[in-house]
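Residue strings, one per chain:
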Amino acid sequence: MIKVGVLGAGHLGKIHLRLLQQSEKYELVGFYDDNLENGKKVAAEFGYKQFDTIARLIHAVDVVDIVTPTLSHYKCAKVAIKSGKHVFIEKPISTTVEEAEEIISLAKEYNVKGQVGHVERFNPAFIAVKNQIESPMFIETHRLAEFNPRGTDVPVVLDLMIHDIDAILSVVKSKVKAVHASGVSVLSQSPDIANARVEFENGCVANITSSRISMKNMRKSRFFQKDAYISVDYLDKICEVVKMKEAPEVPGDFDMILQNAEGEKKQIYFDNPEVSPNNAILDELESFADAINNNSTPIVTLEDGTEALRVAYMIIDSMNEK
């Protein structure tokens, strides 16, 4: 079992602590939280060992799980990596792309592994269809959330939209060519609603919408490609695949046939893959343990996290130009 320690015992940090303690792949050594009073409460309530300094925690573990506010990700990662420890960093990887690139360089220099917490990659609905998403040419995503003061210290692009940016980049194997975006600040000092049109060099276009002041929660993506339409509902964990193929010479009574203006006929059929329930956060943490034990590439690499951050800032820059 890999010895792990958690930096940060806020809302998400407590979830990580609970899951790491349950995990059969990790030995949870303890945690450190900047807010010592909060740390004492967490230690008293759940029995986790509280460390009084970051250095002592890092010294006692093999993996440092960084679940602190984004502003401190870089500082925490730098100290952990320079101590020769593997790092799991919650999304976004850091505050700036320059910091993220330095984290990558340090990880290579000190020969340690890193993974970024883009948890939607482990959503069972996305996993169920990911292999069927091939060369999508149009993608539409909606990520709407009810207002929560937590996270409003950063633009909605870094808080919510970055989930969809990472998922899209994982299936579109092409570089971003252009970004056009707009955003509106309603309750926060930074945009609460944002829409971005991201164009890729291969012709794919992604239309991404995020809001954190909606009346209801929604997390849906739709992928359109040659002869197929794929939808993923990350919230309800369901997916749908609609495919088209050449229509048979003699259609059956229940076959769905469409004919275009040129007279070409296509048969529509539905393929709804089985979605296997999971705990996505536990799965992402344990996949990192597997990458360390097997000396393999993590599923969401530091480079992946950096690219998602780079595109997020292209979107923010486009909004600021408006």
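Residues numbered from 1 in each chain as written. Predicted model: local features only at pLDDT ≥ 70, side-chain atom pairs only at ≥ 80, totals over all residues. Heavy atoms only, no water.

> I would appreciate a short explanation of the overall build of the protein chain in the present structure.
What the protein chain contains, in helices and strands, is nine helices and 14 strands. Since a compact globule built from 322 residues should have a radius of gyration of about 20 Å, the 22 Å found for the protein chain is in line with a globular shape. When the backbone C-alpha atoms are referred to their principal axes, the protein chain occupies close to 75 × 45 × 40 Å. When burial is assessed residue by residue, the protein chain has 52% of its 322 residues classed as buried. (Helix = DSSP H or I, 4+ residues; strand = E, 2+ residues; numbered from the N terminus. Rg over C-alpha atoms; globule rule 2.2 N^0.38 Å. Buried < 20%, exposed > 50% of the residue type's maximum accessible area, 1.4 Å probe, protein only.)

> Would you mind going over the sheet that holds strand E2 (residues 26-32) with me for this structure?
Within a sheet, each strand pairs with its neighbour through backbone hydrogen bonds, oriented either parallel or antiparallel. If you walk across this open sheet you meet the five strands as E2-E1-E3-E4-E5, and the pairing is parallel. Strand pairing shows two members of the sheet lacking a second neighbour, E2 and strand E5 (114-117), which therefore form its edges. Going across the sheet, the axis of each strand differs from the next one's by a mean of 20 degrees, ignoring polarity. In this structure, strand E1 (residues 2-7) lies alongside E2, joined through six bridges in parallel fashion. Counterpart to Ile2 in the pairing with E2 is Tyr26. The strands touched by helix H4 (residues 73-82) within the sheet are E1, strand E3 (63-66) and strand E4 (86-90), with E4 carrying the most contacts at an inclination of about 170 degrees. (Pairing = 2+ DSSP bridges. Axes fitted to C-alpha atoms, helices over the stretch in contact; angles between N-to-C directions. Contact = heavy atoms within 4.5 Å.)

> It is not clear to me how the UniProt feature "domain: Gfo/Idh/MocA-like oxidoreductase N-terminal" (unreviewed entry) in the protein chain should be interpreted in this structure. Could you clarify?
Per the UniProt annotation, the sites labelled "domain: Gfo/Idh/MocA-like oxidoreductase N-terminal" (unreviewed entry) are residues 2-118. End C-alpha to end C-alpha, residues 2-118 measures 21 Å, and it is 44% helix and 22% strand. (UniProt positions renumbered as here; feature names shortened; annotations may be inferred.)

> Please explain helix H5 (residues 97-109) as it appears in this structure.
For the α-helix, the turn length of 3.6 residues means that residues three or four positions removed from each other point alike. The terminal C-alpha atoms of H5, which comprises 13 residues, lie 18 Å apart, in line with the 18 Å expected from a rise of 1.5 Å per residue. Those residues of H5 not exposed but buried are Val97, Glu99, Ala100, Ile103, Ile104, Leu106 and Ala107. (Expected span 1.5 Å × (residues − 1).)

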